[in-house]
Amino acid sequence: MMPRGTKIAVFFATLATALTWVLGWSPAHAGDRAATGRVVIIGVPGLMWSDVGRENTPALWDLTAGGSAAGLSVRTTRVNTCPTDGWLTVSAGQRSRLPHGDCALPAAPILPGQDSPTGPVPKDGAIAAGWPAIKSDNAGTNYHAEIGLLGEAVHKAGGCTMAVGPGAVFGVGNGGGRVDRYVPSPDKVTAADWARCPLAAVDVDDLFRAYINAGVDAHGDQIPLSDAKRAAAAAAADRRVAQVVTGLPQGTTVLLAGLSDIGVDPHLRVAVAAGDGYGPGFMTSSATRQEGLVTLTDVTATAMKLLGLPQPKQAVGSAWKAQPSQASTRDRVDALVDEDVAAQAIRTVQTSFYWVLFATQLVLYGIAVVALRRLGGDRRSRARILGGTRVIALLGGAAPGASFLAGLLPWWRAEHPTPVLICTVLGFAGLLTGVALAGPWRRSVVVPGLVITGVTGIVLALDVMTGSNLQLNTLMGYTALVAGRFYGFGNQAFSLFAVAAILTAAWLTEYPLRRRRTAVAVGIVAAIGVFAVVVDGLPAFGSDFGGVLAIVPAFAMLGLMVAGKRVSAPRLGLFFAAGAAIVLFISYLNARSANPTHLGRFWQDLMDGDAWGIVTRKFNAMLNSLGYWPYTLAIAAAVVFLFFVLARPTRWRVSLLQGAYKHSLSMRPALICALAAGVIGTLVNDSGVVILSVAFSLATPLMLAAGLRSLEIDLRNADTPPPAPSESPGASTGSRSAERR
């Protein structure tokens, strides 16, 4: 796996290199030759990399030593994936589930001579139990999974399927749940059986069965398995794997997957590919773009590619790709164990981080109110109150960006990772705040905030342009356990990037506007706007559909306001239409590539008439987001705070934003357009209020800091005696001189 130091170096890679990746896109060619061969899928529910060792699991160790390995994200339709869910996901190439089922071992199949509601059982074969209900239920979920897709594709190509063990029937059954050959366990499979069908699946359930046998306590919670008993179960599973591997014909590719969780806590599981094209090293896929990380739906895509079958659009995964490595087997296994440790560490703190962040900002708003009410006394006291509150506000604005920078350090390896993570975020936030106030620019109303938004935007842009290393397993990013996204901008990161880019562009126009160089100011907005759209929208970088819909009109509004033009409803509608046209064009181009992302798949759905269902699902998810109380509460507090500051300035003895508007020509456009990006982003993204709450988490503290600085300037000017009559009439006056005080 990539060392931490190398990741930091890649993080600071140049824009030219990143653009090379974009230009390296290649359209799909119908004549591309696919690999052919024989594939065996071995499913070991619950298997983790911490279970794999040279002495206890020699067969798994040897597979890893000679093959390509990765952490496997097994997330399906529920937080924790059960064995049958995992096998059904392999069957469909899409997230699937066993409806209304307990998290138990897969049901025994229907064998020849037994009654079947779907017709006669094939001779020597089997039919998965409950297949019609399972297929109907999954077709009606948001994922519209087509159960039986893999097995049906093999049958249509003239091949047959073999299942070893009950779970395997769910994995490779065709559209009717049928497999051509069924064997109850690996020790009963003959050499002729292995040679009979191009696709076989093997269910090795020893590890999961050990937990079933342990049972649950009086509260229904899983009784923990001791380390010794888990090691014994892993060893038993390893012996089953050895029976499979030693009996396979030459040229067979083995795909081994720990395809489910055990209990309520999700983990990354084991993924190994051994055979032609999979030498010693790690694995990735186009679905994750992360070294040493693949998904469960990728198993289906990989099997289809190895069998020479076309991958239908219903199968959303991508084929596993080997990444050769000189690291020893021990080092690779340790790196993959560390990958799961990081995922577990962030899972325990990610939700609470938002509570802490938003609660801290609520306290910040309260401090600001108290500070403003207590203004009085001598100049030194006023300066201390305003200056201290301003520092706290800048620190609050720096915290979101600092949460991504914390990913540069392996905090999860600490004995107590949560306190270390908190200190790391505070350290980076303090560093950004220190830089913002370090030089003469600290006297400015806008420049300290500009430093924070500029660094935040650049960090996020460089990250998605160089592999999204800081997005994965970070507080405001995404995790492999949730598996909503593995590369590009997640919704929180998009909101932070969009607002940072808008505020940066607006505040960079401050000095051109003061010199009445409107064309230069508009050019700055246009350049940063184009860069933001490229970074956010291109599949090679941010790969964000809804983000472009918000960024384009927000930057267009900013350009008009900077130019002194009026923003009308028709113009705003035109800007939104332009954003839609741009993102659809990107989707069209991506749909023609060899490995389309969700952007390209949306264009395919649009052409097939299925796009409205996606739009409806995302809109309903946006409405449901109103129930996310940490975010909704943060929005309400921020809106109330801004309302009383912006719309009711006379409620206090001073008006922060009016003062900021007086000292900064760009402050009003910055605030309005940042809020516009948040509102539009909320309406067009399925995360809903999460978008706006993150936008407020950056914009509100920085606006507060700017207002406090403007008030500080006004109070100091009030204490300064008027200039002597002999002062040169050419001396600078007004806000420009005030900012130097």
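Going by the structure above, here's the rest.
Being a predicted model, the structure only gives us computed values, none of them experimental.

(A) Molecular detail of the state of the cysteines. In the structure shown here, the tally under the stated rule is two disulfides. Across the disulfide, Cys160 is cross-linked to Cys197 (sulfur-sulfur distance 2.0 Å). A torsion of -115 degrees about the S-S bond marks the disulfide between Cys160 and Cys197 as left-handed. Taken together, the positions of Cys160 in the loop between helix H6 (149-156) and strand E4 (161-164) and Cys197 in the loop between helix H8 (191-196) and strand E7 (199-203) put the pair 37 residues apart, joining distant regions of the chain.

(B) Structural detail: empty space enclosed by the protein. Throughout the structure, instances matching the rule amount to six cavities of 30 Å³ or more. Estimates place the volume of the largest cavity at around 60 Å³. Along its surface, the largest cavity is lined by Arg390, Leu394, Val445, Val446, Pro448, Gly449, Trp507, Leu702, Ala705 and Ala706. Within the residue set of the lining of the largest cavity, elements represented by two or more residues are helix H13 (379-405), helix H15 (447-465) and helix H26 (689-719).

(C) A look at the packing of aromatic side chains. If you walk through the whole model with that rule in mind, you get four aromatic pairs. Taking 5.8 Å as the distance between ring centres and 85 degrees as the angle between the ring planes, the aromatic pair formed by Trp411 and Trp412 counts as edge-to-face. Overall, Trp411 belongs to the buried group, its relative accessible area being 4%. Ring geometry for Tyr588 and Trp603: centres 5.4 Å apart, planes at 70 degrees, overall edge-to-face. A residue pair is termed long-range when its members are at least 10 positions apart, and Tyr588 in helix H20 (residues 569-591) and Trp603 in helix H21 (residues 598-608) qualify at 15 residues. A cation over an aromatic ring shows up here: Arg289 above the ring of Tyr487, its NZ or CZ 3.7 Å from the ring centre.

Definitions and cut-offs
Residues numbered from 1 in each chain as written. Predicted model: local features only at pLDDT ≥ 70, side-chain atom pairs only at ≥ 80, totals over all residues. Heavy atoms only, no water. Disulfide = S-S within 2.5 Å. Helix = DSSP H or I, 4+ residues; strand = E, 2+ residues; numbered from the N terminus. 1 Å grid on protein atoms, 1.4 Å probe; cavity = no way out; pocket = protein on both sides within 12 Å on 5 of 7 lines; lining within 4 Å. Points joined across faces, edges and corners; volume = space filled by probe spheres on them. Phe/Tyr/Trp six-rings, centres within 6.5 Å; stacked < 30°, edge-to-face > 60°. Buried < 20%, exposed > 50% of the residue type's maximum accessible area, 1.4 Å probe, protein only. Lys NZ or Arg CZ within 6 Å of the ring centre and 35° of its normal.

Honestly, that's just the spatial picture; any functional story needs more than this.
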